[in-house]
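An overview of the molecular structure
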Amino acid sequence: MKRPMVAYTPSDLFGRPLRSLRVSVTDRCNLRCSYCMPEEEYVWLPREELLTFEEITQLAEIFTDLGVDKVRLTGGEPLLRKDLPVLAGMLSKNPRLKDLALTTNGTLLAEQAQALREAGVHRITVSLDTLRPERFKASTRRDSHARVLQGIEAARVAGCRGLKIDSMVMRGANEDELGDLIEFGKRAGAEVRFIEYMDVGGATQWSMSKVFPRAEILQVLSRRYGCIEPVVEDNSSPAERFLLPDGTLFGIIASTTRPFCHRCDRSRLTADGMWYLCLYAQTGANLRKPLRGGASQDEIQALIVSAWQRRNDRGAEERRMLGSRSALVGIEQLRKDPHLEMHTRGG
Ligand code: SAM
C-alpha cells in the first residue's frame, strides 16, 4: 500500500494528539516487585496470541502514519523477548519514528546494550529503586542487583544518549535513598526520575499511606541539596524536571498526587495486540484480530482514528478525585483478565 506523504494526527475529545505508543513485547518478567507483581502465580497471555516482530512493525507503521513519532518498548521485561534488537532494528527503519526508547529492569542489559544501540534504540530507561543489594532482593524477590548495575554501565559504555534511571519511591521502603540515587545517577551519566507509587492494575498492595508524594520528595532533596529550581518545559513528558544548585537535573513522575492526564498523548499496545488508551482503562481494542483476519491498513487505521477521536480517558485524575482509594482491581478480576495488569499493559 502506498503510504500517505503527510501523517494525519487525530485528536481526542480533550484535543490531545496521538503521538506516543508504548509497545509491550512480553507480559513475562524476571523480577517480582512488590508494587507490580506481588502474587505467587500469574495467568499469562497465550503464546500463540503474541504478536510477531512483523506484526508489531506493521502496527507501528500504521500508528506512525497517524502521527505517532515515539515508540517505547516495554513489558513485562522487554529483554526477555528473544532477539529484541532485531525488532528494534525493524522499527528503527521507519523514517517517521523520531524516538525509539526502551524501559527495562536492566537485569539482561549488559549482554544487549550494544546491540540495542546499534539497532537504533535512542534512549534507555532502567528501573532501579535501591542501591542496596539486600533491599533489592527483598523487594524484587530476586538476587540480581549487581546485574542491573552492570546493565547501566554497559548502556553508558555503549554510548546510549538519554540514559535514565526510574526509581519508584515507596514510603518505608526507599525514601531514605533519594539523594544517594541522584548521586549514583551522576556517576552513571543518567538522569534520575522518581515515580510515585500508583494504584494501577496489579498493585494489589497499594495504599495511599505507602505513597511518598512529590511534595515530600522535594522536601527531602531540598534538605540535602538546598534550593531546587523547577525547569519550565512545554512537552508531554510524564516527568516534571528540576535543577539542583550544582546543575544536576532530575525528574518526578507524580501520577498519583499530580496527574498529567491533560497532556497525555500515550497509548499502549500489549504483546498480544490489545490497544489501551489509558493505563487505567478497563477495556481496550483488539488490533490482533483485524490484523490476522486480513484487514487492510486503511481499515485498521480507521479503527484507531475512530477510537482515538472518542477518547476521553483521564484515569489518574479520576482516581485522584475519589474520596478514598484502594487497589484499582481485585485479584480475582486480574486472574480473569490479565490485560488489567500493569505488567501486561506495559508501564
Ligand atoms: N520491566 C521493565 C522495567 O522494570 O522497567 C518495564 C515494565 S515496568 C512495569 C515499568 C515501570 O513501571 C517500572 O519503572 C516500574 O517501577 C513501574 N511500576 C510498576 N508498578 C508500578 C506502580 N504500582 N506504581 C508506579 N510505578 C510502577
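This text follows the structure it describes.
Worth saying up front: this structure is predicted, and the values here are computed from it rather than measured. (Residues numbered from 1 in each chain as written. Predicted model: local features only at pLDDT ≥ 70, side-chain atom pairs only at ≥ 80, totals over all residues. Heavy atoms only, no water.)

A word on the site of the ligand
- For the ligand, the set of nearby residues contains 19 residues, the closest of which are Gly76, Glu77, Thr103, Ser127 and Met198.
- Within the contact set of the ligand, a nitrogen atom lies 2.8 Å away from a backbone nitrogen or oxygen of glycine 76.
- Its free accessible area being 540 Å², the ligand has 94% of it covered by the protein chains.
- For the shell around the ligand, the secondary structure elements donating two or more residues are β3 (99–104) and β6 (191–196). (Near = heavy atom within 4 Å. Polar contact = N/O pair within 3.5 Å; in protein donor to acceptor, adjacent residues only side chain to side chain. Areas by Shrake-Rupley, 256 points an atom, 1.4 Å probe, with all protein chains shown as cover. Helix = DSSP H or I, 4+ residues; strand = E, 2+ residues; numbered from the N terminus.)

Observations concerning the pairing of strand β5 (residues 164–169)
- For β5, the buried fraction is high: six of the six residues fall into the buried class.
- Burial of β5 is two-sided: the residues Lys164, Asp166 and Met168 facing one way and the residues Ile165, Ser167 and Val169 facing the other way are all buried.
- By the bridge criterion, three bridges tie strand β4 (residues 123–127) to β5 in an arrangement that is parallel. Each bridged residue has a counterpart across the sheet, and for valine 126 the counterpart in β5 is isoleucine 165.
- As paired elements, β5 and β6 share six bridges and run parallel to each other. Paired with aspartate 166 across the two strands is arginine 193, which belongs to β6. (Buried < 20%, exposed > 50% of the residue type's maximum accessible area, 1.4 Å probe, protein only. Pairing = 2+ DSSP bridges.)

Some details on the sheet that holds strand β10 (residues 266–269)
- On the basis of which strands lie adjacent, the open sheet formed by 12 strands has the order β7-β8-β9-β6-β5-β4-β3-β2-β1-β10-β11-β12 and mixed pairing. This sheet does not close on itself; its edge strands, each paired only once, are β7 (229–230) and β12 (285–286).
- Across four bridges, β3 lies against β4 in parallel orientation. Considered in β4, the bridge of threonine 104 is made with valine 126.

Quick notes on empty space enclosed by the protein
- Scanning all chains against the criterion turns up two cavities of 30 Å³ or more.
- Roughly 40 Å³ of volume is contained in the second largest cavity.
- As for the second largest cavity, its lining consists of Glu39, Glu41, Tyr42, Val43, Ile331, Leu334, Arg335, Pro338 and Glu341.
- For the lining of the second largest cavity, the per-class residue count stands at five nonpolar, no polar and four charged. (1 Å grid on protein atoms, 1.4 Å probe; cavity = no way out; pocket = protein on both sides within 12 Å on 5 of 7 lines; lining within 4 Å. Points joined across faces, edges and corners; volume = space filled by probe spheres on them. Nonpolar A, V, L, I, M, F, W, Y, C, P; charged D, E, K, R; others polar.)

Thoughts on the packing of helix α1 (residues 53–64) against helix α2 (residues 84–92)
- At a minimum axis separation of 10 Å, α1 and α2 run at an interaxial angle of 30 degrees. By the criterion of interaxial angle, the relationship of α1 to α2 is roughly parallel. Considering the relative orientation of α1 and α2, their crossing is right-handed. Across from Phe53, Glu54, Ile56, Thr57 and Ala60 in α1, the residues of α2 making contact are Leu84, Val86, Leu87, Met90 and Leu91.
- A class-by-class count of the residues in the contact of α1 with α2 yields eight nonpolar, one polar and one charged. (Axes fitted to C-alpha atoms, helices over the stretch in contact; angles between N-to-C directions. Parallel < 35°, antiparallel > 145°, perpendicular 65-115°, else oblique. Left-handed = near helix turned anticlockwise from the far one by under 90°. Contact = heavy atoms within 4.5 Å.)

Examining the environment of tyrosine 225
- Checked against the element boundaries, tyrosine 225 lands in helix α7 (residues 214–225).
- Looking at tyrosine 225, the relative accessible area reads 16%, which means it is buried.
- Between the C-alpha atoms of tyrosine 225 and glycine 247, which are 22 residues apart in sequence, the distance is 11 Å.

A look at the packing of aromatic side chains
- Overall, the coordinates contain seven aromatic pairs when judged by the stated rule.
- Chaining the aromatic ring pairs together yields one cluster made of Tyr35, Tyr197 and Trp206.
- Across the ring face of tyrosine 276, the terminal group of arginine 345 is positioned such that the distance to the ring centre comes to 3.8 Å. (Phe/Tyr/Trp six-rings, centres within 6.5 Å; stacked < 30°, edge-to-face > 60°. Lys NZ or Arg CZ within 6 Å of the ring centre and 35° of its normal.)

These results come straight from atomic positions and should not be treated as a statement about function.
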